[in-house]
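The residues making up each chain are set out below.
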Amino acid sequence: MAKKYEGPAIGIDLGTTYSCVAVWQQRNNRAEIIHNDQGNRTTPSVVAFTDSLRLIGNAAKNQAASNPTNTIFDAKRLIGRKFSDSIIRKDIKLWPFKVIPGADDNPKILVKYKGKEKCFVAEEISSMILSKMQEIAEKFLELPVKNAVITVPAYFNDSQRKATKDAGIIAGLNVMRIINEPTAAALAYGIQKRGNFVVGKRNVFIFDLGGGTFDVSLLTLKDDSFEVKATAGDTHLGGEDFDNKMVSHFVNELKRKNNVDISLNPKALRKLRTACERAKRALSYDIEATIDIDAICQGIDFCSSITRAKFERLNMDLFEKCMEIVRSCLRDAYMDQSMVHEIVLVGGSSRIPKVRKLLQDFFKGRDLCMSINPDEAVAYGAAVQAALLIDGIKNVPNLVLRDITPLSLGIWTKGDVMSVVIPKNTPIPIKMTEDRCKTSVDNQLGVSIHVYEGERIKASENNLLGLFRLFVPPAPRGLCIKVCFAIDADGILNVTAEEETTGNKSEITITNDNRRLSTQEIERMIQEAEKFKVEDMKFQEKARAVNALEDYLYKTSKVMEDNSVSSMLAPADKMKIDSAIMNGKSLIDNHGNQHNETYVFVDFLKELEIIFESSLNKINKGFKRKFEQ
Ligand code: AMP
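Analysis parameters
- Residues numbered from 1 in each chain as written.
- Predicted model: local features only at pLDDT ≥ 70, side-chain atom pairs only at ≥ 80, totals over all residues.
- Heavy atoms only, no water.
- Salt bridge = Lys/Arg side-chain N within 4 Å of Asp/Glu carboxyl O.
- Buried < 20%, exposed > 50% of the residue type's maximum accessible area, 1.4 Å probe, protein only.
- Helix = DSSP H or I, 4+ residues; strand = E, 2+ residues; numbered from the N terminus.
- Core = buried A, V, L, I, M, F, W, Y, C linked by side-chain atoms within 4.5 Å.
- Domains from an automatic or database assignment.
- Contact = heavy atoms within 4.5 Å.
- Pairing = 2+ DSSP bridges.
- Axes fitted to C-alpha atoms, helices over the stretch in contact; angles between N-to-C directions.
- Near = heavy atom within 4 Å.
- Polar contact = N/O pair within 3.5 Å; in protein donor to acceptor, adjacent residues only side chain to side chain.
- Areas by Shrake-Rupley, 256 points an atom, 1.4 Å probe, with all protein chains shown as cover.
- Expected span 1.5 Å × (residues − 1).
- Arc of directions from axis to C-beta.
- Parallel < 35°, antiparallel > 145°, perpendicular 65-115°, else oblique.
- Left-handed = near helix turned anticlockwise from the far one by under 90°.
- Nonpolar A, V, L, I, M, F, W, Y, C, P; charged D, E, K, R; others polar.

A.B. asks: Go over the pattern of salt bridges with me, naming the residues and quoting the values.
C.D. replies: In the structure shown here, the tally under the stated rule is 26 salt bridges. For E324, the salt bridge is made with R331, and the minimal N-O distance between the two is 3.4 Å. Under the relative-accessibility criterion, E324 is labelled partly exposed at 37%. Between R351 and D375 there is a salt bridge whose closest N-O contact spans 2.9 Å. Of this pair, R351 sits in the loop between β18 (342-346) and α10 (353-362) while D375 sits in the loop between β19 (368-369) and α11 (377-388), placing them 24 residues apart in sequence. Judged by its relative accessible area of 26%, D375 is partly exposed.

This is the structure we're talking about:
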């Protein structure tokens with residue numbers, strides 16, 4: 001039985017490149033995508049640090065080219081991974097910001113913030129983006145919002161799921177559930193189909209090609225119930241990879257034509273990457289796009305163009321990779337193309353015409369469903385799931401969701417053999433027991449349980465999730481150990497081992513192994529996140545006070561420049577005003593000085609108002625009115 005929560009609840013699609021937030025609206029029985037303060041329905045998953053402030057979303061993305069080393073994107077690629085992970089080693093080469101190894105091989109992002117070096121883990125950066133999404137929702141709902149459902153790629157492993165949940169906790173959210181992105185998209189699709197013509201069983205194929213990840217899922221939809229049959233994907237395949245191919249293409253062109261190499265110039269690369277992403281989007285509608293960058297480096301204005309055909313050739317290997325994953329998902333579900341009734345497109349990159357064409361050809365000309373917005377379907381579904389978990393929300397279609405495990409889970413057994421306890425694509429939540437595990441020598445004092453995930457037969461070639469030890473009584477070899485794997489609705493794994501004659505038990509929730517954040521670390525990060533929020537608010541207050549003073553100084557200066565006013569003022573009053581304006585301007589010039597706190601500007605403005613207005617009142621009330629206009 002699902003746990004019920006109280007209060008408003010949101011669904012957050014925490015994307016690699018963009019994030020989106022939605023909420024279920026009872027008044028019109030549907031989920032609503034929430035606009036950010038720029039009026040956009042998606043927000044860049046970008047955080048930037050400057051000498052004076054922290055920026056999140058559009059503000060961070062907009063200054064990326066001028067501050068590349070302190071503008072962090074792609075945190076989702078780092079989350080829950082080790083520094084030594086080969087994928088991370090490759091990514092680091094492409095990022096303009098610095099990533100260093102931290103304790104326990106945890107990657108740390110190094111930035112300069114307020115003049116000092118500071119390290120963040122990916123969970124902290126993601127928590128900042130989640131806080132932003134929470135803030136967007138709170139502004140819209142005019143209510144505090146704590147409850148959230150957050151989505152992750154179906155292919156995220158246990159460690160990445162847990163790390164995403166930690167990011168939510170650091171942001172101060174109550175993460176009710178972590179759900180798979182394609183499942184969320186299927187929920188959105190299912191909601192739209194309700195009341196339409198769904199008769200009998202429908203097999204729905206979700207094709208989700210986003211900015212950084214690729215996910216496919218095959219679901220069976222029957223009445224109000226969804227069952228995920230198979231999932232497949234690649235956590236490192238998406239729009240950014242297509243951008244990178246284009247970036248390399250133009251880096252080579254610059255070398256050839258202009259004799260400059262920008263491959264080690266983060267600022268120039270950032271400019272080029274932004275232009276390439278724009279061109280790529282244009283190529284979904286036009287057959288040619290231009291790249292036009294003023295002063296890319298060494299004063300060179302770079303102007304070039306690329307055709308859709310060239311873009312397709314550059315990326316054909318990646319598009320083929322997508323199709324291979326589509327095929328493997330169908331194989332895992334024991335289905336062929338003809339058994340699929342609907343193909344739902346999700347993720348911004350599913351707009352690429354070549355991708356659509358390959359998919360359509362593969363599914364033998366079947367129409368692709370484009371009725372749901374590919375950028376918003378995941379957040380929409382997450383909001384539906386969030387509403388289903390809240391007590392008292394009426395009229396949410398009670399869709400029942402059965403998710404599955406994306407990877408096989410098992411334990412190391414003698415000879416480095418992976419003994420699978422829960423096979424890949426098993427519906428969750430689930431509890432399964434393995435009782436073939438035995439001690440291998442006489443009077444063995446304990447057994448080490450190594451928990452792995454992956455599809456390789458050789459255990460050590462899979463991903464080690466954690467290990468723990470169970471003490472056993474002295475006995476001849478062959479003593480039976482019962483190992484139980486339980487996966488909850490969030491996909492988080494708990495493993496217990498028990499020796500039945502003594503009842504000795506030991507367990508591990510794959511949360512506290514050394515790759516993860518400890519409770520103390522999370523606690524520290526929560527406090528830091530609060531501190532950042534307070535600092536940001538302080539900064540905003542100061543900026544408001546500085547602006548108000550600057551505005552007032554501008555107006556008073558204009559009045560003083562007007563001879564018809566200043567000549568009528570008593571000389572002492574004029575001197576007082578002139579000197580106050582001068583002091584005010586110098587205060588503004590030094591507003592970056594940390595000692596000048598908000599109250600200094602507020603008090604100065606009050607004083608200036610008194611000086612100026614009392615002097616004006618002496619000569620003519622009409623001037624005051626004119627000034628106030
Ligand atoms: P998502 O993670 O689903 O928000 O997808 C973001 C990715 O979709 C980014 O890499 C975008 O560049 C890409 N994208 C968005 N619109 C288009 C488009 N019209 N054509 C190609 N790619 C797009």
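There's more to say after this.
A.B. asks: How would you summarise the nonpolar core if you had to cite specific residues and measurements?
C.D. replies: In terms of nonpolar packing, the biggest core is built from 53 residues, with F205, F207, L272 and V326 touching the most fellow members. Each of two domains, domain 1 (9-237 + 317-401) and domain 2 (239-316), supplies a minimum of three residues to this core. Once residues lying within four places of it in the same chain are set aside, the contact partners of F207 are F214, D215, V216, V326, V344, L345, V346, S350, V355 and L359. In terms of nonpolar packing, the next biggest core, distinct from the first, is built from 48 residues, V21, I56, A60 and F156 among them.

A.B. asks: Please set out the sheet that holds strand β22 (residues 417-422) residue by residue, giving values where relevant.
C.D. replies: Taken together, four strands build an open sheet; the order of strands is β22-β21-β25-β26 and the sheet is antiparallel. A single partner strand is all that each edge strand has here, and the edge strands are β22 and β26 (463-471). Neighbour-to-neighbour, the strand axes of the sheet open up by a mean angle of 30°, direction not taken into account. Note: strand β25 (residues 446-453) against β26, eight bridges, orientation antiparallel. For V447, the partnering residue across the bridge sits in β26 and is L470.

A.B. asks: For the site of the ligand, give the residues involved together with the corresponding values.
C.D. replies: Surveying the vicinity of the ligand reveals 15 residues, the closest of which are G211, E277, K280, S284 and G348. Here an oxygen atom of the ligand sits 2.7 Å away from a polar atom, N or O, in the side chain of K280. About the coverage of the ligand: the protein hides 92% of its 500 Å² of free accessible area. Mapping the shell around the ligand onto the domain boundaries places at least three of its residues in each of domain 1 (9-237 + 317-401) and domain 2 (239-316).

A.B. asks: So what's going on with the sheet that holds strand β13 (residues 201-209)? Residues and values would help.
C.D. replies: The strand order across the open sheet formed by seven strands is β19-β18-β13-β14-β15-β20-β23, and the pairing between neighbours is mixed. The open sheet has two free edges, formed respectively by β19 and β23 (427-428), since each of these has just one partner strand. Relative to strand β15 (residues 225-234), strand β14 (residues 214-222) runs antiparallel, the two sharing nine bridges. Within the sheet, the bridge partner assigned to L221 lies in β15 and is F226.

A.B. asks: An account of helix α15 (residues 598-619) is needed here, citing residue identities and associated values.
C.D. replies: Relative to the 32 Å expected for 22 residues at 1.5 Å per residue, α15 spans 32 Å between its end C-alpha atoms, a close match to the ideal helical length. Taken together, the buried positions of α15 are occupied by F601, F604, L605, L608, F612, S615 and L616. Axial view of α15: buried residues confined to an arc of 115°, hence all on one face. The exposed set on the far side of α15, more than 90 degrees from its buried face, consists of Y599, I610 and K618.

A.B. asks: So what's going on with the packing of helix α14 (residues 571-589) against α15? Which residues, and what values?
C.D. replies: When two helices pack together, their arrangement is given by the angle between the helix axes and by the axis-to-axis distance. As a packed pair, α14 and α15 sit with axes 10 Å apart at the nearest point and diverge in direction by 155°. Taken as axis vectors, α14 and α15 run roughly antiparallel relative to one another. Crossing hand, α14 versus α15: left-handed. Each of D573, K576, I577, A580, I581, N583, G584 and L587 in α14 lies in contact with α15, whose residues at this interface are V600, F601, F604, L608, I611, F612, S615 and K618. For the contact of α14 with α15, the per-class residue count stands at 10 nonpolar, three polar and three charged.

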